[in-house]
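# Observations on chain architecture
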Amino acid sequence: MVNPHISKLKERLDAIRPQLLHHPLYKNVHTIQQLQTFTQYHIFAVWDFMSLLKSLQSKLTCTSTPWMPIGTANTRYLINEIVLGEESDVNQFGNRISHFELYINAMEQLGSDTTAIHQLITFIQNGIGIKEALKKTNLSSFIQEFVGFTFDIIEHQPDYVQAAVFTFGREDLIPDMFIGLVKELNVSNADKISTFKYYLERHVEVDGDHHSHLAMQMVADLCGDDVMKWEKATTASIEAIEQRIKLWDAINHLIIEKTISVI
């Protein structure tokens, strides 16, 4: 039986989700060079998605010692299963890998520039805070805004809001048209596209079905029948989708600019 609160939240999102599903960015990525540009910036959304996931795990389970039971066993199961798939899935060769690392591998095969994302991670590994690291990496303002929003959610919002943003606000709506374009590119450029194609297909297979069901159940468990929690969860999800639209707008603008400059 479908949770009525979930249904109502989805109805609220229906007014804005089509802007992502039908965003012009997708039809403007039809060459290797354009896909390189896309991945160079999209990787930051892949990375901060993993950060949001781990924040949820730390809030909903015990990740420190001495161990003690936290929350409900059902919620612990839901988040741990999602983490298992996102952090240690398999690549096209059957080897264990996180979705983030799989995306990096796809970028390397494509010939995309991975300098910025590696630099950001290095700064953080050296103890620099996320906001300062974003500035030191000299990232575009739209990337700083997007990632900054995610970490504001991580640092300042309760678990049920984080879960809603993770589940509904960070949906990577990948239309069939975009997957079709990548498949077409793969026909003559398999040596450059095959890993990215596998990433998309795996993303749809795992995240779009099984993980989506688990995540929605997690939100339902955390919000219960508290109307205020559902309202806050819905508002944050809408804001997160708006942030993704801004990100897509900016990447699309860069791709168009580069295309025109080549012509």
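## Considering the overall build of the chain
When helices and strands are counted, the chain shows 11 helices and 2 strands. The order of α-helices and β-strands along the chain, N terminus first, is α-α-α-α-β-β-α-α-α-α-α-α-α. Across its three principal axes, the chain shows a C-alpha extent of roughly 55 × 40 × 35 Å. For the chain, restricting intrachain contacts to residue pairs at least 6 apart in sequence, the fraction spanning at least 24 positions comes to 75%. Roughly 12800 Å² of accessible area belongs to the chain as shown, and the carbon and sulfur atoms make up 54% of that amount. Charged side chains in the chain number 22 positive and 32 negative. The centres of these two groups are separated by 2 Å.

## Some points on the environment of Q36
By the element assignment, Q36 lies in helix 3 (residues 32–60). For Q36, a relative accessible area of 22% gives the class partly exposed. Remark: the alpha-carbon pair of Q36 and S112, spanning 76 residues in sequence, is separated by 4.7 Å. When neighbours within four sequence positions are excluded, Q36 is seen to be in contact with L110, G111 and S112.

## Observations concerning the packing of aromatic side chains
Tallied over the entire structure, the rule returns 10 aromatic pairs. Seen in terms of ring centroids, Y26 and F178 are 5.3 Å apart; in terms of plane orientation they differ by 55°. Their pairing is tilted. Taken together, the residues span a long stretch of sequence, with Y26 in the loop between helix 2 (17–21) and helix 3 and F178 in helix 10 (residues 176–223) at a distance of 152 residues. Note on Y26: relative accessible area 4%, which makes it buried. A relative accessible area of 2% places F178 in the buried class. Put simply, the rings of Y26, F38, F178 and W248 pair up and form one aromatic cluster. Looking at R244, its charged tip hangs above the ring of W248, at a distance of 4.8 Å from the centre.

## Here's the deal with the pattern of salt bridges
Pairs can form between side chains of opposite charge whenever their charged atoms are close. A full pass over the atoms with the stated rule returns 8 salt bridges. Residues E87 and K54 are paired through a salt bridge, measuring 3.2 Å at the closest nitrogen-oxygen approach. Highlighted residues: E87 in helix 4 (residues 73–87) and K54 in helix 3, separated in sequence by 33 residues. When the shortest N-O distance is used, the salt bridge between D152 and K131 registers 3.7 Å. Residue D152 is located in helix 8 (residues 141–156), and its partner K131 is located in helix 7 (residues 130–136); the two are separated by 21 residues in the primary sequence.

## Thoughts on helix 9 (residues 159–169)
Buried residues dominate helix 9, accounting for 10 of its 11 residues. The complete set of buried residues in helix 9 reads Y160, V161, Q162, A163, A164, V165, F166, T167, F168 and G169.

## Considering the packing of helix 5 (residues 99–110) against helix 6 (residues 115–125)
Taken N-terminus to C-terminus, the directions of helix 5 and helix 6 make an angle of 140°; their axes are 11 Å apart at the nearest point. Contacts from F100, I104 and E108 of helix 5 reach helix 6 at I117, H118 and I121. Class assignment of the residues belonging to the contact of helix 5 with helix 6 gives a composition of 4 nonpolar, 1 polar and 1 charged.

## A word on the packing of helix 3 against helix 4
Packed helices, taken two at a time, are described by their axes: the angle between them and the distance between them. One way to put it is that helix 3 packs onto helix 4 with a least axis distance of 10 Å and a crossing angle of 150°. Here helix 4 runs roughly antiparallel to helix 3, going by the angle between their axes. For helix 3 against helix 4, the interelement crossing comes out left-handed. Along the contact surface, helix 3 presents F49, M50, L53, K54, L56, Q57 and L60, while helix 4 presents T75, R76, I79, N80, I82, V83, E86 and E87. Tallied by class, the residues present in the contact of helix 3 with helix 4 amount to 8 nonpolar, 3 polar and 4 charged.

So, how was this worked out
Residues numbered from 1 in each chain as written. Predicted model: local features only at pLDDT ≥ 70, side-chain atom pairs only at ≥ 80, totals over all residues. Heavy atoms only, no water. Helix = DSSP H or I, 4+ residues; strand = E, 2+ residues; numbered from the N terminus. Contact = heavy atoms within 4.5 Å. Areas by Shrake-Rupley, 256 points an atom, 1.4 Å probe, with all protein chains shown as cover. Lys, Arg positive; Asp, Glu negative; His and termini not counted. Charge placed at Lys NZ, Arg CZ, Asp CG, Glu CD. Buried < 20%, exposed > 50% of the residue type's maximum accessible area, 1.4 Å probe, protein only. Phe/Tyr/Trp six-rings, centres within 6.5 Å; stacked < 30°, edge-to-face > 60°. Lys NZ or Arg CZ within 6 Å of the ring centre and 35° of its normal. Salt bridge = Lys/Arg side-chain N within 4 Å of Asp/Glu carboxyl O. Axes fitted to C-alpha atoms, helices over the stretch in contact; angles between N-to-C directions. Nonpolar A, V, L, I, M, F, W, Y, C, P; charged D, E, K, R; others polar. Parallel < 35°, antiparallel > 145°, perpendicular 65-115°, else oblique. Left-handed = near helix turned anticlockwise from the far one by under 90°.

On their own, these measurements won't tell you what the molecule is for.
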